[in-house]
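Below are the chains, spelled out letter by letter.
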Amino acid sequence: MASNIIKYLIVMLVVSVSAHSFGQKEWDSIKVIGNNIGEKSMSQKSLIEVFRGQKNYWETNEGVLLILPSDKHPGAGIASAILYDMSISEMQKFWLAMVFQGRTNPPVFELNNADILTIVSETPGAIGILINYQGQIPPELLINIQ
Amino acid sequence: MTLARLLTFLALVSVSVIASAQKKVQINGFGHIESHLEYFNEEETINSYFSLGEQDLFINAIINKRLSFLGETVVKFDSETAANFAPSIERARFKYEYRNNHSILLGKMHTPVNYWNDVYHHGRLFFPTIDRPQMFSYFLPVHTLGIRAQGQNLGKLNFGYDVQVGNGIESSDVFDAGANYSFLAAMHIKPQYGTRIGASYYYDHLSTNSYGVHAHSHGSHNTEYRGPVDFQMIAVSIARFEKKIEVLSETALNITRTDTLGYANSFNTYLYVGYNFKENHTPYLMGDLLHIGENDLHSDHASKIKFSLGYKYEFDPFANIKFQVEQYLSSPWNHHGDYTPKTEFKIQFSYGI
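Residues numbered from 1 in each chain as written. Chains lettered and ligands numbered in written order. Predicted model: local features only at pLDDT ≥ 70, side-chain atom pairs only at ≥ 80, totals over all residues. Heavy atoms only, no water.

Of the regular secondary structure elements, chain B holds 2 helices and 16 strands. Here chain B, with 353 residues, has 50% of them falling under the buried criterion. Within chain B, contacts between residues at least 6 apart in sequence are counted, and of these 56% link residues at least 24 apart. By element, 64% of the accessible surface of chain B is carried by carbon and sulfur atoms, the whole surface being about 15,700 Å². (Helix = DSSP H or I, 4+ residues; strand = E, 2+ residues; numbered from the N terminus. Buried < 20%, exposed > 50% of the residue type's maximum accessible area, 1.4 Å probe, protein only. Contact = heavy atoms within 4.5 Å. Areas by Shrake-Rupley, 256 points an atom, 1.4 Å probe, with all protein chains shown as cover.)

Right, here's the structure in full:
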């Protein structure tokens, strides 16, 4: 019985190894902004972990508030693919389920880049992504992704 | 009277809108409707009917930087009321995050004994199959009212823990006779995105083998034995939900001890495998084996196997429909021959708004 369980676990782990990688082109189309999060640069891996709800607080003691493009945002598909390896619809379902579990707080979904920029600039602890954004970004908000 | 109700309703709506505008409160509704066709193989009888499922009001509120509230109130079937439906508070808990990814929770919660009870709660929209594993109708302690220490996403393996003390299986939401608390310790890891492996241990001492509001075992509870029961449950869950393949394995061993018959072992193992051949289309298989020990005085004896073949179609993230054919059989451990096999076809429409 115990050996069968161990074999089952090993098979499960082997089957579950999958890579989630996206090209540099998609990453170049986004800019990450954060307000008093205590970090000016972040790895792609860390950013993905944050946006998947795995971090609740920054080193600055501010609570993490995720600002995501809503399904009406023209760049929503890029965000869902880069950050979640999902379609927009799957990303919405992911967050509906996460909030229902009660293990993380809900993100804020905004319609456009201007609204994302506004709410991040007004909310300490907020982190958001701008997609294909050509406007000015206050330097204190910009987070470099490595 | 009608005007007063209208004003009250408008006031509540206004509060909700204001709260939503401040982006601190999220309100959702969940529910489901089912259609059943049951065929009892030996008696050759058929039941066919529609069934209105649970209607669930869900509230998540961020009170301040550290404190949040989660409430889930369900209106569901209750044969003891005139309307056959009654509201039930399923979750009402405050969460204080005292340190990054470490929290203290206080209130009524779903007992995190396994993946299903910790993740899906009452949201049929998220269920991979139409029904819960059979242990939910027999020995699983669904809720606990008490206090919990919780950690999550710790270290490279995304380790998580839950340690909980609260009113146990015999209690109500406002009272528990004696001084018996239930105890739970659970842990899990998430080594890969979409994968969670967990285990838990639960203990409760039942003074009179009665049940309160924290178990769903109303139809399977042994109502004839009223002596003390030491109740233990060990559960293991393995979940892997990836783009194509979905696997969920839930196994629980329930050990009860009575002065009359000593130790009794009961178990349930449930396995779901789904394949997303398109984003919204998931055919699936499910097997569910339940056995209640011969000398178990907590639950009525049962020993049955359930196989299902199903198909889930998602209209969008907020609505899906599941079609499921089920075959119930007596298990090889059923020495009483007291179970009537049946075949069932179910359709479940579930939604979240």
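Still to come is the rest of the account.
Before going further, it helps to spend a moment on the nonpolar core. Soluble, globular proteins show a tendency: their nonpolar side chains are buried together. In this structure, Phe51(A), Leu83(A), Tyr84(A), Trp95(A), Ile127(A), Phe139(B) and Met233(B) are the most contacted members of the largest nonpolar core, which totals 69 residues. A total of 8 residues in this core trace back to one element, the largest contributor, which is helix H5 (residues 88-101) of chain A. If sequence neighbours within four positions are ignored, Leu83(A) has contacts with Leu47(A), Ile48(A), Phe51(A), Arg52(A), Leu68(A) and Ile129(A). Counting residues in each nonpolar core, the second largest holds 13 residues, with Ile33(A), Ile116(A), Val120(A) and Ala126(A) among its members. (Core = buried A, V, L, I, M, F, W, Y, C linked by side-chain atoms within 4.5 Å.)

Okay, the pairing of strand E13 (residues 281-291) of chain B next. Residue and element names in this part refer to chain B. With 8 of 11 residues buried, E13 is to be regarded as a mostly interior element. Alignment of strand E12 (residues 262-275) against E13, held across 8 bridges, turns out to be antiparallel. When the sheet's bridge partners are listed, Val273 is paired in E13 with Leu285. Joining the antiparallel neighbours E12 and E13 is a turn of 5 residues. Relative to strand E14 (residues 303-316), E13 runs antiparallel, the two being bridged by 11 bridges. (Pairing = 2+ DSSP bridges.)

The subject of this paragraph is the side chain of Thr256(B). Its location among the elements puts Thr256(B) in strand E11 (residues 245-258). On the basis of relative accessibility, which here comes to 2%, the residue Thr256(B) falls in the buried class.

Residues and elements named next belong to chain B. Here chain B averages 86 in pLDDT, and 89% of its residues register 70 or above. Between the elements of chain B, mean pLDDT differs from a low of 42, seen in helix H1 (residues 2-21), to a high of 96, seen in strand E8 (residues 181-189). Below pLDDT 50 for its whole length, residues 1-22 participates in 4 contacts with residues either more than four positions away or in separate chains. (pLDDT = per-residue confidence, 0-100.)

Residue and element names in this part refer to chain A. The interhelical angle for the contact between helix H3 (residues 44-51) and helix H4 (residues 76-84), taken along N-to-C directions, is 105°, at an axis separation of 9 Å. Between H3 and H4, the angle falls in the class roughly perpendicular. The segment H3 lies against H4, with Leu47, Ile48 and Phe51 engaging Ile82, Leu83 and Tyr84. Taken together, the residues of the contact of H3 with H4 sort by class into 6 nonpolar, no polar and no charged. (Axes fitted to C-alpha atoms, helices over the stretch in contact; angles between N-to-C directions. Parallel < 35°, antiparallel > 145°, perpendicular 65-115°, else oblique. Nonpolar A, V, L, I, M, F, W, Y, C, P; charged D, E, K, R; others polar.)

Scanning the model with the defined rule gives 24 aromatic pairs over all chains in all. Note on Phe94(A) and Trp95(A): the rings are 5.3 Å apart at their centroids and 85° apart in plane angle, and the pair reads as edge-to-face. A single burial state applies to Phe94(A) and to Trp95(A), both of which are buried. Aromatic side chains Tyr115(B) and Phe241(B) sit 6.1 Å apart centroid to centroid with 10° between the ring planes, which places their arrangement in the stacked category. Of this pair, Tyr115(B) sits in helix H2 (residues 115-119) while Phe241(B) sits in strand E10 (residues 229-241), and the two are 126 residues apart along the sequence. Accessibility expressed as a relative area gives 22% for Phe241(B), which makes it partly exposed. An aromatic cluster is present here, built from Tyr115(B), Trp116(B), Tyr120(B), Phe127(B), Phe136(B), Phe241(B), Tyr270(B), Tyr272(B) and Tyr284(B) joined pairwise through their rings. Sitting above the plane of the Tyr57(A) ring, Arg66(B) keeps its charged end 3.9 Å from the centroid. (Phe/Tyr/Trp six-rings, centres within 6.5 Å; stacked < 30°, edge-to-face > 60°. Lys NZ or Arg CZ within 6 Å of the ring centre and 35° of its normal.)

With that settled, the discussion passes to the environment of Tyr161(B). Residue and element names in this part refer to chain B. By secondary structure assignment, the location of Tyr161 is in strand E7 (residues 159-167). Residues Tyr161 and His102 lie 59 residues apart in sequence; the distance between their C-alpha atoms is 9.3 Å. In this structure Tyr161 touches Tyr98, His102, Ala149, Gln150, Gly151, Leu154, Ala186 and Met187, once residues within four positions along its chain are discounted. Side chain to side chain, Tyr161 and His102 meet in a polar contact 2.8 Å long. (Polar contact = N/O pair within 3.5 Å; in protein donor to acceptor, adjacent residues only side chain to side chain.)

Turning next to unusual backbone geometry. Residues and elements named next belong to chain B. Phi is positive for His121, close to 50°, though the residue is something other than glycine. For His121, a relative accessible area of 3% corresponds to the buried category. One non-glycine residue, Asn158, adopts positive backbone phi at about 50°. Mapped onto the elements of the fold, Asn158 is located in the loop between strand E6 (143-154) and E7.

So, about H3(A). Residue and element names in this part refer to chain A. Every buried residue of H3 is accounted for by Leu47, Ile48, Val50 and Phe51. What you see down the axis of H3 is that its buried residues fit within an arc of 160°, all on one side. Of the residues flanking the end of H3, it is Gly53, one or two places downstream, whose phi is positive at about 80°. (Arc of directions from axis to C-beta.)

Any two side chains of opposite charge can pair, so long as their charged atoms come close to each other. For the structure on display, the rule yields 22 salt bridges over all chains. Of the charged contacts in the structure, one is a salt bridge between Glu62(A) and Lys65(B), with a shortest N-O distance of 4.0 Å. Here Lys65(B) lies in the loop between strand E2 (45-62) and strand E3 (67-77) and Glu62(A) lies in the loop between H3 and strand E3 (65-69), a pairing that spans two chains. The exposure class of Glu62(A) is buried, given its relative accessible area of 15%. When its relative accessible area of 44% is taken as the criterion, Lys65(B) is described as partly exposed. Put simply, Glu38(B) and Lys342(B) hold a salt bridge, and the shortest N to O gap is 3.1 Å. Taken together, the residues Glu38(B) in strand E1 (residues 25-40) and Lys342(B) in strand E16 (residues 342-352) connect sequence positions 304 residues apart. (Salt bridge = Lys/Arg side-chain N within 4 Å of Asp/Glu carboxyl O.)

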